[in-house]
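Examining the three-dimensional arrangement
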Amino acid sequence: MSIRLTGMASGLDTDSMIKELMSAYSAKKDKDVKAQTRHEWTMQAWKETNSKVYSFYTGALSSMKFSKLGSLRKAAISNSSVASITASNSAPVGTHKLSVFQLATSGYMTGGEITTKSGGSVSADTKLSELGVTKGTIKVNDTEIKIDGNMTMSKLASQMREAGVEANFDAASGRFFVSSKASGSEGEFTITAGDEDGIGALMSLGLMSVTDTNGDETAEMAKYRELAESGLNTDEARAARRIVEMYDAGELENSSESARISAQDAVIKLNGATFTSSTNSFSINGLTIEATAVTTKEIENADGTVTIKDEPVTITTSVDSQGIYDKIKNFLKAYNEMIGHIDSLYYADSAKGYEPLTTEEKDALTDKEVEEWEKKVKDALLRKDSTLGSISSALKNVFLGMSYTTESGKTYNIASLGIGTGNYFSTDDKDRGKFHINGDKDDEATAASADKLMAAIAADPEGVSEFFSKLADKLYSTLDDKMKSTTLSSAFTIYNDKQMSSQYSEYKKKLSDWDTKLEEIEEKYAKQFAAMEKALEMLNSKQSALAQMLGTA
């Protein structure tokens, strides 16, 4: 906009006069600005409400619709130190006998303490030559590692890791620590000599292993025996025969102060059948068993012999009445949150006389006053909205009208299960659509009442389950109908989002047109006042000239 110098001839504040003349037009624009703001807030209120409805529809409602509450199971064990038990819906109700004979373990080797040839301590950077090891081959599982004197302790540990084990050299203790990457016999590892020099290398490195902590031959020894009997004439086979000869002659033991734990599978017996697992976890016929201790123990007899005695534990599986109750309670909680939101909007206090504020109006108020004003408007945007009222009524009618009769002739409805709404006269409008469970200890309104729901579940879990499944199915189809796509709304939307979006675009265009129109009107007034100033300037000029003529006459 160009800079204007006004009132030079007339002495009038033409800018103020133009602003005053424009105020009537600006007021009309402000009315449309407020309407657009209200529309935008209304769209946001609908989006939030739709989000809550859709979340309930796809979450708690969908879960209840497809769940089989009556098949929920719980499991208990007579000795929880032996195993932890969980039961899925497919677990049979009854008692089961469990014995745990063996827990799964990973292979583990704590190497012997290593020193240099002179008896000094060893660090990660110590070369093998300082131990007296200059050559040889060792094998980790089936991977060869060629040893030379320049190899450091950390480099050897790195190559062992690359071969498929967890390996680390701990300088503080001067030992190698090696373990398998997976538990169970299939995860077992071996560290063996690949040639005769490799035998000396393993001894110097504290990694010679022939017996485990139970006194049994290790996986390494088993591999040596297999190679010794193979008839092969390889360096590895010759080394194996040498080790077997030394061991059988009593001339070979584990590296001093080393310890070898052999990997093993877990072994249990459930109801007379034996099962094995590479881990301590078993999934059998709907039961998940996490074994933590064996049920066997050694009994020393008077003659010095040892008898293994098994003391099996009992697993009891039963219908999870509390689990069923909790799922129903959580379902109603989710429903109450959704319907409470809907009804709080529908029964909101009137905001008659309140409109969105313009920028100028906000400037005249404190931030707190603006916040309170806008909240008043926003809270009442969907007050008495027919769509909200229709959804709320439809859902409540499903609850109150639902009835189901089992094959045995037992009839269930909400009231018979001790579920109902609050007292009409003492409950606020926005809370009258919420359902409460009699006897629910977490609900002050009904905690003191008799718990009919839990009693019904205990007596007939399948019947109660089927009732809530059918109730959820009816609620689901009711909401589905409300959220169908139309020419005015998208699918899974309870309000006319397409229509409201189109209307918002129209507001934007209307306000843009207002901006153009106001500029044109203001420019018109400016030109008119400029013309007036020019005419007055010409008149003043003529009067001055006339005065000069008369003065000189």
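Up top is the structure these notes are about.
Throughout what follows, the structure given in this document is the object of discussion.

Rules used throughout
Residues numbered from 1 in each chain as written. Predicted model: local features only at pLDDT ≥ 70, side-chain atom pairs only at ≥ 80, totals over all residues. Heavy atoms only, no water. Helix = DSSP H or I, 4+ residues; strand = E, 2+ residues; numbered from the N terminus. Rg over C-alpha atoms; globule rule 2.2 N^0.38 Å. Buried < 20%, exposed > 50% of the residue type's maximum accessible area, 1.4 Å probe, protein only. Contact = heavy atoms within 4.5 Å. Lys, Arg positive; Asp, Glu negative; His and termini not counted. Charge placed at Lys NZ, Arg CZ, Asp CG, Glu CD. Pairing = 2+ DSSP bridges. Axes fitted to C-alpha atoms, helices over the stretch in contact; angles between N-to-C directions. Parallel < 35°, antiparallel > 145°, perpendicular 65-115°, else oblique. Nonpolar A, V, L, I, M, F, W, Y, C, P; charged D, E, K, R; others polar. Expected span 1.5 Å × (residues − 1). Polar contact = N/O pair within 3.5 Å; in protein donor to acceptor, adjacent residues only side chain to side chain. Patch = residues over 30% accessible without salt bridge, like charges linked within 9 Å, V, L, I, M, F, W, Y side chains within 5 Å. Areas by Shrake-Rupley, 256 points an atom, 1.4 Å probe, with all protein chains shown as cover. Salt bridge = Lys/Arg side-chain N within 4 Å of Asp/Glu carboxyl O. Phe/Tyr/Trp six-rings, centres within 6.5 Å; stacked < 30°, edge-to-face > 60°. Lys NZ or Arg CZ within 6 Å of the ring centre and 35° of its normal.

The secondary structure content of the chain amounts to 13 helices and 21 strands. What you see for the chain is a C-alpha radius of gyration of 44 Å, clearly larger than the 24 Å of a compact globule of 553 residues, by over 25%. Along the first, second and third principal axes, the C-alpha atoms of the chain reach 150 × 90 × 40 Å. Burial statistics for the chain: of 553 residues in total, 40% are counted as buried. Look at the contacts in the chain between residues 6 or more apart in sequence, and 68% of them connect residues 24 or more apart. When the 63 positive and 82 negative side-chain charges of the chain are each reduced to one mean point, those points stand 9 Å apart.

Right, let's talk about the pairing of strand 12 (residues 273–277) for a bit. Strand direction decides the pairing type here: strand 11 (residues 266–270) and strand 12, joined by 5 bridges, are antiparallel. Residue pairing across strands places Ile268 opposite Phe275, the latter belonging to strand 12. The antiparallel hairpin formed by strand 11 and strand 12 contains 2 residues in its connecting segment, where Asn271 sits at a positive phi of about 50°.

In a packed pair of helices, the relevant descriptors are the angle between the two axes and the axis-to-axis distance. Where helix 11 (residues 452–459) meets helix 12 (residues 461–482), the axes come as close as 5 Å, and the angle between the chain directions of the two elements is 120°. With respect to helix 12, the axis of helix 11 lies oblique. In contact with Leu453, Ala456, Ile457, Ala458 and Ala459 of helix 11, helix 12 contributes Pro461, Val464 and Phe468. Within the contact of helix 11 with helix 12, the residues separate by chemical class into 8 nonpolar, no polar and no charged.

Turning next to helix 12. Counted at 1.5 Å a residue, the expected span for helix 12 with its 22 residues is 32 Å, and the 32 Å between its end C-alpha atoms agrees. Of all the positions in helix 12, only Pro461, Gly463, Val464, Ser465, Phe467, Phe468, Ser469, Leu471, Ala472, Leu475, Thr478 and Leu479 are classed as buried.

Another point: the side chain of His436. With respect to the helices, strands and loops of the structure, His436 is situated in strand 21 (residues 435–437). You can call His436 buried: its relative accessible area is 19%. A polar contact is formed between the side chain of His436 and the side chain of Asp443, at a distance of 2.6 Å. The contacts of His436, once residues within four sequence positions are left out, are Gly418, Ile419, Gly420, Thr421, Gly422, Asp443 and Thr446.

This next bit is on unusual backbone geometry. In this structure, Asn271 is a non-glycine residue whose phi angle is positive, near 50°. Mapped onto the fold, Asn271 is located in the loop between strand 11 and strand 12. The backbone of Lys384 shows a phi angle near 60°, a positive value even though the residue is not glycine. Mapped onto the elements of the fold, Lys384 is located in the loop between helix 9 (367–379) and helix 10 (386–401).

This part covers the sheet that holds strand 7 (residues 166–170). On the basis of which strands lie adjacent, the open sheet formed by 4 strands has the order 7-8-4-10 and antiparallel pairing. What marks the edges here is a single partner per strand, and that holds for strand 7 and strand 10 (259–261). Ignoring strand direction, the axes of neighbouring strands in this sheet form an average angle of 10°. Of the pairings in the sheet, the one linking strand 7 to strand 8 (residues 175–179) comprises 5 bridges and is antiparallel in character. Within strand 8, the residue paired with Asn168 across the bridge is Phe177.

This brings us to the sheet that holds strand 5 (residues 135–140). What the 3 strands build is an open sheet, ordered 6-5-9; its pairing is antiparallel. Among the strands making up the open sheet, the edge pair consists of strand 6 (143–148) and strand 9 (191–193). Neighbour to neighbour, the strand axes of the sheet diverge by 30° on average, direction disregarded. Relative to strand 6, helix 3 (residues 153–162) is tilted by about 170°, and along the sheet it contacts strand 5, strand 6 and strand 9.

Below, the discussion takes up a negative patch on the surface. Together, Asp367, Glu369, Glu371 and Glu372 make up a negatively charged patch on the protein surface. Along the chain, Asp367 turns up in helix 9. Residue classification places Asp367 among the exposed positions, given a relative accessible area of 68%.

Below, the discussion takes up the side chain of Ser258. Among the secondary structure elements, Ser258 is positioned in the loop between helix 6 (235–248) and strand 10. Side-chain polar atoms of Ser258 contact the backbone oxygen of Ser255, separated by 2.6 Å. Among residues more than four places away in sequence, those in contact with Ser258 are Thr110, Gly111, Gly112, Gly206 and Met208.

Turning our attention to the packing of aromatic side chains. A ring pair, where both rings are aromatic, is described by two values, the distance of the centres and the angle of the planes. Using the criterion set out here, one finds 15 aromatic pairs in the structure. With centroids separated by 5.1 Å and ring planes inclined at 85°, the aromatic side chains of Phe467 and Phe468 adopt a geometry described as edge-to-face. Relative accessible area serves as the criterion here: at 0%, Phe468 is assigned to the buried category. Ring-pair connections join several aromatic residues into one group, and the members of that group are Phe56, Phe331, Tyr335, Phe399 and Phe435. The lysine or arginine in question, Arg260, covers the ring of Phe189, its NZ or CZ lying 4.2 Å from the ring centre. Taking the ring centre of Tyr354 as reference, the NZ or CZ of Lys376 above it sits at 5.9 Å.

In total, this model carries 25 salt bridges according to the counting rule given. Note that Glu236 is salt-bridged to Lys139, the shortest N-O span being 3.3 Å. Of this pair, Glu236 sits in helix 6 while Lys139 is found in strand 5, placing the two residues 97 residues apart along the sequence. One exposure class covers both Glu236 and Lys139, and it is buried. Measuring nitrogen to oxygen at the nearest pair gives 3.0 Å for the salt bridge that ties Asp431 to Lys434. Residues participating in the shared-partner salt-bridge network are Lys329, Asp440, Lys441 and Asp442.

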